[in-house]
Amino acid sequence: MTARSSFVVVANRMPVDQVITETGREWQRSPGGLVTALHPVLAARGGTWVGWAGGVGDAPEPFEMEGVHLHPVPLTADDLERYYEGQSNATIWPLYHDAVETPTYRRRWREAYREVNARFAAAADEVSAHGATVWVQDYQLQLVPAMLRERRPDLKIGFFLHIPFPPIELFMQMPQRAEILHGLLGADLVGFQQRLAAQNFVRLARHLLGLRYSGHVIKVEDRQVKSRAFPISIDTTEMEQLAASPTVQARAKQIRAELGDPATVVLGVDRLDYTKGIELRLKAFRELLAEGRMAVPDTVMVQVATPSRERVEHYQTLRLRVEQEVGRINGDFGRVGMPAVHYLHQSYNRTELAALYVAADVMMVTPLRDGMNLVAKEYVAARGDSGGALLLSEFAGAASEMRQAFLVNPYDPEAVKEVLLKAATVEPAEARRRMRTMQRQLRTYDVNRWAHSFLNELGE
Ligand code: ADQ
């Protein structure tokens, strides 16, 4: 008999990873803000997290960890290919990010998306107590709210979209458009990263389904659905403390020494994703080197690109293009033992990541479109009083809040170059002043505040 909870989170992934230790396999809580923010709420309420545990075939039996029930949902190899890599990451992901790569539409992917969403809805039904609050996360599960409401009208259902929500003109491309919109409207509250996205959603409901709305409230039959922005944030205290720790400070010094003690370290940290604008960043750096406005070894760039979605074609071609550009820059401007770009196609632990943030003078965050971008926030939190400059794309959700960053239009190569030079040469006093303002904002509006604002609005 499955335990029933009064608070349930439903997300594509469970917040744990299986690791192999000396004594066998064991589960470990995965790092990340969402887990950190939701864990206390879940633990206090004996809550349940429904999600995919990784791996294909049979799912592990439900289990408990640190006071939270974990309820794994199985995915087959075929689900992974069609629901996850296909519909989620080759259709919805590019479409919602301004179609910066062309979305692929396939009927068999849509069918799998529907089937898997139904499986998640059934699992959520099974673990939810009468009148429970269920919080569904992200673009992989947009049909779950309506599917769950159909089974369980007693539940209070929230949905949060971590990525952008496109303007009507783009959304209308989607063959499954009405189904997805109906799916989301199954929630009582639909949360977005930005106000504009919440407005897009309300207008879309009128445009596509003729629904009436007033302000941020849409009328759906006898119910009301609220559409609001809740910009996500980070665990600010955790990052501040980690970055200030002696281990991280020492490692940051060592990183700078290993880079040859350059005057300026420029850093990029992203999942290797075509929305993140890694290529345009490299190109700006190459042109500045070619024009003699920057020089190696005075300035070096470090680009960490976490492997991501490696079986999806757009990601494979992106990797080739990025690595070709890195090779070209190093071929033209590097010297023996002194590359211009240090490229790391690896995943890092939090300590090493924090040390890189502490070591970097300029952080380049240049997405063509991004729901929020937590790297930008992590960098600012890690800086303490040491200054540093955040170069930030206007097309990242974070740009709405972080107005003291060096904001730039990533589609304008000359602007990116100018702003990079400006950020690299900013006066230390001004750099610290900008950082302090952004840090104050991050301390007040951290990920706990984000989770609580959402749940309050949902009527928790
Ligand atoms: P992502 O697209 O994954 O998230 P982002 O917000 O930057 O992008 O979060 C990435 C996270 O991964 C950060 O916490 C970062 O520290 C970590 N990370 C990046 N590279 C790493 C590496 N090499 N090793 C280890 N960790 C690494 C999606 C949306 C965003 C939105 C978030 C949260 O696309 O817009 O901000 O969800 O809602």
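> So, the overall build of the protein chain: which residues are in play, and what are the values?
Within the protein chain one finds 16 helices and 18 strands. Against the 2.2 N^0.38 benchmark of 23 Å for 460 residues, the protein chain shows a C-alpha radius of gyration of 23 Å, consistent with a compact globule. Dimensions of the protein chain, computed from the C-alpha atoms along their principal axes, are close to 65 × 55 × 40 Å. Put simply, the protein chain has 460 residues, and 55% of those count as buried. Long-range contacts, defined here as pairs at least 24 residues apart, represent 73% of the contacts in the protein chain between residues at least 6 apart. On the protein chain, roughly 19100 Å² of surface is accessible, and the fraction owed to carbon and sulfur atoms is 49%.

> Before we move on, can you summarise the domain arrangement of the protein chain with the specific residues and values?
Under the domain assignment, the protein chain is made up of domain 1 (5–232 + 448–459) and domain 2 (236–444). On a C-alpha basis, the centroid separation for the pair domain 1 and domain 2 is 30 Å. Opposite the 20 residues of domain 1 that make contact, domain 2 presents 23 residues. For the pair domain 1 and domain 2, the summed buried surface comes to about 1900 Å²; carbon and sulfur atoms form 55% of the total. Here domain 1 is connected to domain 2 by three salt bridges. With its nearest N and O atoms 3.0 Å apart, the salt bridge here joins R369 to D98. Along the contact surface separating domain 1 from domain 2 lie ten residue pairs in polar contact (both at pLDDT 80 or more). Here the side of domain 1 that touches domain 2 is composed, by residue class, of ten nonpolar, six polar and four charged.

> Residues and numbers for unusual backbone geometry, please.
Most of the time, phi is negative for any residue but glycine, and the peptide bond is trans. Note the cis peptide between V296 and P297, where omega equals 10 degrees. Position of P297 relative to the elements: it lies in the loop between α10 (278–290) and β14 (299–306). Located in the positive-phi region is D98, a residue other than glycine, with phi close to 60 degrees. Along the chain, D98 falls in the loop between α2 (77–96) and α3 (107–127). A residue is classified by how much of its surface remains accessible, and D98, at 26% relative accessible area, is partly exposed. One non-glycine residue with positive phi stands out, namely D138, at about 75 degrees. With respect to the secondary-structure elements, D138 resides in the loop between β7 (128–137) and α4 (144–151). Owing to a relative accessible area of 11%, D138 belongs among the buried residues under this scheme.

> Residue-level account of the site of the ligand, with values.
The environment of the ligand is formed by 22 residues, the closest being H162, Y348, D370, M372 and E378. At 2.7 Å from an oxygen atom of the ligand is found a side-chain nitrogen or oxygen belonging to H162. A distance of 2.6 Å separates an oxygen atom of the ligand from a polar atom in the side chain of E378. Contributions of two or more residues to the shell around the ligand are made by β13 (264–271), β14, α12 (350–359) and α13 (374–382). Residues belonging to the shell around the ligand are distributed by class as follows: ten nonpolar, seven polar and five charged.

> Report on the pattern of salt bridges, specifying residues and quantitative values.
The full count for this structure, using the stated rule, is 38 salt bridges. Here E66 makes a salt bridge to R29, at a shortest N to O gap of 3.0 Å. Of this pair, E66 sits in the loop between β5 (63–65) and β6 (68–73) while R29 sits in strand β3 (residues 24–29), and the two are 37 residues apart along the sequence. With a relative accessible area of 45%, E66 lands in the partly exposed category. Between R434 and E430 there is a salt bridge, and its shortest N-O distance comes to 2.8 Å. Of this pair, R434 and E430 both sit in helix α15 (residues 428–444), separated by four residues, roughly a single helical turn. By relative accessible area, R434 is classed as buried at 16%. Salt bridges linked by common partners bring K283, E287, E291, R293, E414, K417 and E418 together as one network.

> Give a detailed account of the packing of aromatic side chains, specifying residues and quantitative values.
Going through the model one piece at a time under the given rule, you end up with 18 aromatic pairs. Centre to centre, the rings of W135 and W450 are 5.1 Å apart; their planes meet at 35 degrees, and the pair counts as tilted. Note that W135 is positioned in strand β7 and W450 in helix α16 (residues 447–458), a separation of 315 residues in sequence. Here W135 and W450 have matching classes, each one buried. Each ring, one from Y274 and one from Y315, has its centre 5.2 Å from the other, and the planes form 55 degrees; the classification is tilted. Here Y274 is found in the loop between β13 and α10, whereas its partner Y315 is found in helix α11 (residues 313–333), with 41 residues between them in sequence. With respect to class, Y274 is no different from Y315; both count as buried. Site record: aromatic cluster; members linked through ring pairs are Y96, F165, F171, F192 and F201.

> Any chance you could break down the packing of α3 against α4 for me, citing the residues and the numbers?
Remark: α3 packs on α4, axes separated minimally by 9 Å, with the N-to-C direction vectors making an angle of 45 degrees. Judged by the inter-axis angle, α3 sits oblique to α4. At the point where α3 passes α4, the crossing takes the right-handed sense. Judged by residue contacts, R114, N117, A118, F120, A121, A122, A124 and D125 of α3 engage V144, M147, L148 and R151 from α4.

Thresholds applied
Residues numbered from 1 in each chain as written. Predicted model: local features only at pLDDT ≥ 70, side-chain atom pairs only at ≥ 80, totals over all residues. Heavy atoms only, no water. Helix = DSSP H or I, 4+ residues; strand = E, 2+ residues; numbered from the N terminus. Rg over C-alpha atoms; globule rule 2.2 N^0.38 Å. Buried < 20%, exposed > 50% of the residue type's maximum accessible area, 1.4 Å probe, protein only. Contact = heavy atoms within 4.5 Å. Areas by Shrake-Rupley, 256 points an atom, 1.4 Å probe, with all protein chains shown as cover. Domains from an automatic or database assignment. Buried area = accessible area lost by both parts, 1.4 Å probe. Salt bridge = Lys/Arg side-chain N within 4 Å of Asp/Glu carboxyl O. Polar contact = N/O pair within 3.5 Å; in protein donor to acceptor, adjacent residues only side chain to side chain. Nonpolar A, V, L, I, M, F, W, Y, C, P; charged D, E, K, R; others polar. Near = heavy atom within 4 Å. Phe/Tyr/Trp six-rings, centres within 6.5 Å; stacked < 30°, edge-to-face > 60°. Axes fitted to C-alpha atoms, helices over the stretch in contact; angles between N-to-C directions. Parallel < 35°, antiparallel > 145°, perpendicular 65-115°, else oblique. Left-handed = near helix turned anticlockwise from the far one by under 90°.

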